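Chain by chain, the residues run as shown.
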Amino acid sequence: MDKERAAYNLKEGALSDVICLALNLDKHSEMRTRIKNWKMSSKGLDFAVICGNVAGEFIGRRNKKKSGGETGTTTGGGMTIDEVNEMLDNMCMGNDREAKAGELRKFIMRATEKEVVWIVSIILKDLKLGGVSEKDFLMHYHPQAYEAYTCKADLRKACEALSDRNAVLKKHDIECGEGVIIAQLAGRKNTPKEVAKWARSKAFAVETKFDGERVQIHRNKESLGEKCQYWTRNMNDFGPRGYGIMDVLFCDAAEEEGTRDTVDEHRGLPPKCILDGEILVYNKRIKEFVPFGTIKRAFNAANWKKNMGKNMPIIPKGFYENPTMQTKEKGQAKDKEEDDDEEGEEEKEGNEDEEEEEEEEEGEEGRVRYEWKDFEIVYVPFDILYNEDTSVIHEPLRKRYDLLKGAIRGCLNKGAVKVGDTGITCAVVSPFQDDIADNESQAEIARKFRTVVEQNDPNAIAKISDCLREAQDHGEEGIVVKLLDSPWVPGERGHNWVKLKPDYCETSDYDCVIIGGYYGEGRGRAGKISQWLLGVIKDGT
């Protein structure tokens, strides 16, 4: 399985260099230019297709020279699956581009143009096919293959168990600590009225749809010890990649030196437990969550130690530069100035040198200087799949909510825990209002994440609209509506959950003026404007 291999450490830029080396392309050649400038393709072709085209032309020209006559592209089909796997294994070893190019050259010289496209896609881990899902493939492999896959997300185990198409699996369920459970997803609705119609007067819960990273947390004390697994939707366990710093919240082991020392009746999660939830970064100053692209940087900061021999990670602009957050930041800065004025001239004079130094750090725009201690990595659980010694996905959502409240009690009692040496903290935030009221450490960060609408409620549409508006006011993605009598179904979409975003709703046309924009972060957005700031003419002016 390619998933089981180490990283290739090759994205489009580095892979283009390797392919050019493999084909021994001159740096001024037209074919090399096409590969290196693939983003500028006039035909809109993706990188893998361009590489396949160039490889086909190159081998075609090479064969033509050898035969001295008319020829097309490669004859191909010369490598077995074992040979391809061996080549891919070798490409994972080290970072020597010459060695990687040598391995790739062996393949290209024996492959067809389409096979090159596929191998490039495998290396880039970009195998999405329009309109075709893993379910379509697995259902053709065996009628029960997709069912087996959704419960453990282990393709090898699912295929090996059903290698005989006549085999019949016994009724099985999810297990804790054996891999991610394929996520249940939400269908789409365009208006609050459509959502209410879909619910058919049944009781439902409205939850905030966060702009964070959905993560399943698996705790199995027997097999994992005092560590957890942090499974993303891409079926990667990010525990070894830095997320394990949050183990202190979910496990029973004593916190690191310098963190809060509490003795709870029940610390962390139950010995066997699976939570489904969202990881976000919280800005303590303006009391808002920050955009999705900040999460990996926050974990880098949480794992930084003074004795690592590396500089402390800097705080990127994405942690505080977006329209919703800037508006609140300016308002709070103004309030702070007014409070400072009331403190008296004597204190003000005593701090003149300190203020001058701070102004230099703030820069031309006078922006408040942020430190890592101003941010917190939080996990907001919204469902529980496994509790104590049994799967609970077959239980209705209303009951799972009750189980979830009990399971996270020990995590909430730990409060905010300092991790690493940057000052950043981490915490579990409850989606339940009574938990917020009873726990002082939750009050500042949490707001109304979840609203229950009982069956036959005549104000259902209005309540859905209010929840959507509140999420929008806080810069969140939208809302998710879930039927309270529904089970948790791996891989299911739209039957029991639906989502509603502001941009789905009916809109009106406005004449606007572009005033400015905000640069994005991360792959595909870095250096580009990802958000526009628009101005609307005010009546009477």
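Enquirer: Would you explain the packing of aromatic side chains in this entry?
Expert: Two aromatic rings are characterised by how far apart their centres lie and by the angle between their planes. The final tally for this structure, using the stated rule, is 13 aromatic pairs. Seen in terms of ring centroids, Trp372 and Phe375 are 6.2 Å apart; in terms of plane orientation they differ by 65°. Their pairing is edge-to-face. Here Trp372 falls in the buried class, since its relative accessible area comes to 2%. Of the residues examined, Phe375 reaches a relative accessible area of 0% and is grouped as buried. Ring pairs connect the aromatic residues Tyr230, Phe238, Tyr243, Phe250, Phe299 and Tyr379, which therefore count as one cluster. Over the ring of Tyr370 we find Arg285; its NZ or CZ atom is 4.9 Å from the centre of that ring. Positioned above the aromatic ring of Phe432, the side-chain terminus of Lys405 is 5.7 Å from the ring centre.

Enquirer: Can you help me understand the side chain of His218 in this one?
Expert: Structurally, His218 can be placed in strand 3 (residues 213-220). In this structure His218 comes out as buried when scored by relative accessible area, which is 0%. A distance of 3.0 Å separates the side chain of His218 from the side chain of Gln216, its partner in a polar contact.

Enquirer: Help me out: how do you make sense of unusual backbone geometry in this one?
Expert: As a rule of thumb, non-glycine residues mostly have phi less than zero, and peptide bonds are mostly trans rather than cis. Located in the positive-phi region is Asn24, a residue other than glycine, with phi close to 55°. The residue Asn24 is located in the loop between helix 1 (12-22) and helix 2 (30-36) in this model. A residue is classified by how much of its surface remains accessible, and Asn24, at 64% relative accessible area, is exposed. One non-glycine residue, Asn456, adopts positive backbone phi at about 60°. Its place among the elements puts Asn456 in the loop between strand 11 (450-453) and helix 21 (460-473).

Enquirer: Quick question: what am I supposed to make of a nonpolar patch on the surface here?
Expert: A surface patch of nonpolar side chains, amounting to about 570 Å² of accessible area, comprises Ile514, Tyr519, Ile529, Trp532 and Leu534. Residue assignment for the nonpolar patch shows that the elements contributing at least two residues are strand 14 (512-519) and strand 15 (529-536). With respect to the helices, strands and loops of the structure, Leu534 is situated in strand 15.

Enquirer: How should I be thinking about the pattern of salt bridges in this particular structure?
Expert: Where side chains of opposite charge bring their charged atoms close, a pairing between them can arise. Enumeration according to the criterion identifies 23 salt bridges in this entry. In this structure, Glu213 and Lys296 form a salt bridge, with 3.4 Å as the shortest nitrogen-oxygen distance. In this pair, Glu213 sits in strand 3 while Lys296 sits in helix 13 (residues 295-302), placing the two residues 83 residues apart along the sequence. A relative accessible area of 38% places Lys296 in the partly exposed class. A salt bridge links Glu226 to Arg219; its shortest N-O distance comes to 3.2 Å.

Enquirer: Teacher, can you tell me more about the sheet that holds strand 12 (residues 478-483) here?
Expert: Pairing between the strands of a sheet is mediated by backbone hydrogen bonds and can be parallel or antiparallel. Across the sheet, five strands lie side by side as 1-13-12-2-11; this open sheet has mixed pairing. Here the strands that pair on one side only, and so sit at the sheet edges, are strand 1 (185-188) and strand 11. On average, each strand axis in the sheet is inclined to that of its neighbour by 35°, with strand direction left out of account. Along the sheet face, helix 10 (residues 192-199) touches strand 2 (204-209), strand 12 and strand 13 (493-500) and points at about 160° away from the line of strand 13.

Enquirer: Which parts of the structure should I look at to understand the side chain of Asn53?
Expert: On the secondary structure map, Asn53 appears in helix 3 (residues 47-67). Classification of Asn53 by relative accessible area gives buried; the value is 19%. Dropping the residues within four chain positions of it, Asn53 is found in contact with Arg34, Leu45 and Glu113.

Enquirer: What should I look at first to understand the nonpolar core in this one?
Expert: One recurring pattern in soluble globular proteins is that nonpolar side chains are buried together. In terms of nonpolar packing, the biggest core is built from 50 residues, with Met246, Phe250, Ile279 and Ile377 touching the most fellow members. Once you skip the residues sitting within four places of it in the chain, Met246 turns out to touch Tyr230, Ile279, Phe299, Ile377, Val378, Tyr379, Cys426 and Ala427.

Enquirer: Even after reading the chapter, I still don't get the environment of Ile515, so can you show me in this structure?
Expert: Mapped onto the elements, Ile515 comes out in strand 14. Separated by 21 residues in the primary sequence, Ile515 and Val536 place their C-alpha atoms 9.9 Å from one another. For Ile515, the contacting residues outside a window of four places in its chain are Leu533, Leu534 and Gly535.

Enquirer: Quick question: what am I supposed to make of the state of the cysteines here?
Expert: What we call a disulfide is simply a covalent bond connecting the sulfur atoms of a pair of cysteines. Taken as a whole and assessed by the stated rule, the structure comprises zero disulfides. No disulfide involves Cys20; its sulfur sits 8.1 Å from the nearest other cysteine sulfur, which is in Cys51.

Enquirer: Is there a simple way to think about helix 17 (residues 397-407) in this case?
Expert: Note that an α-helix has 3.6 residues per turn; residues three or four places apart therefore point the same way. Taken residue by residue, helix 17 has Leu397, Arg400, Tyr401, Leu404 and Ala407 as its buried positions. Projected down its long axis, helix 17 shows its buried positions confined to an angular sector of 125°, all on one face. In this structure, the buried residues of helix 17 make contact with strand 2, strand 5 (272-283), strand 7 (375-387), helix 18 (409-414), strand 11 and strand 12.

Calculation criteria
- Residues numbered from 1 in each chain as written.
- Predicted model: local features only at pLDDT ≥ 70, side-chain atom pairs only at ≥ 80, totals over all residues.
- Heavy atoms only, no water.
- Phe/Tyr/Trp six-rings, centres within 6.5 Å; stacked < 30°, edge-to-face > 60°.
- Buried < 20%, exposed > 50% of the residue type's maximum accessible area, 1.4 Å probe, protein only.
- Lys NZ or Arg CZ within 6 Å of the ring centre and 35° of its normal.
- Helix = DSSP H or I, 4+ residues; strand = E, 2+ residues; numbered from the N terminus.
- Polar contact = N/O pair within 3.5 Å; in protein donor to acceptor, adjacent residues only side chain to side chain.
- Patch = residues over 30% accessible without salt bridge, like charges linked within 9 Å, V, L, I, M, F, W, Y side chains within 5 Å.
- Areas by Shrake-Rupley, 256 points an atom, 1.4 Å probe, with all protein chains shown as cover.
- Salt bridge = Lys/Arg side-chain N within 4 Å of Asp/Glu carboxyl O.
- Pairing = 2+ DSSP bridges.
- Axes fitted to C-alpha atoms, helices over the stretch in contact; angles between N-to-C directions.
- Contact = heavy atoms within 4.5 Å.
- Core = buried A, V, L, I, M, F, W, Y, C linked by side-chain atoms within 4.5 Å.
- Disulfide = S-S within 2.5 Å.
- Arc of directions from axis to C-beta.

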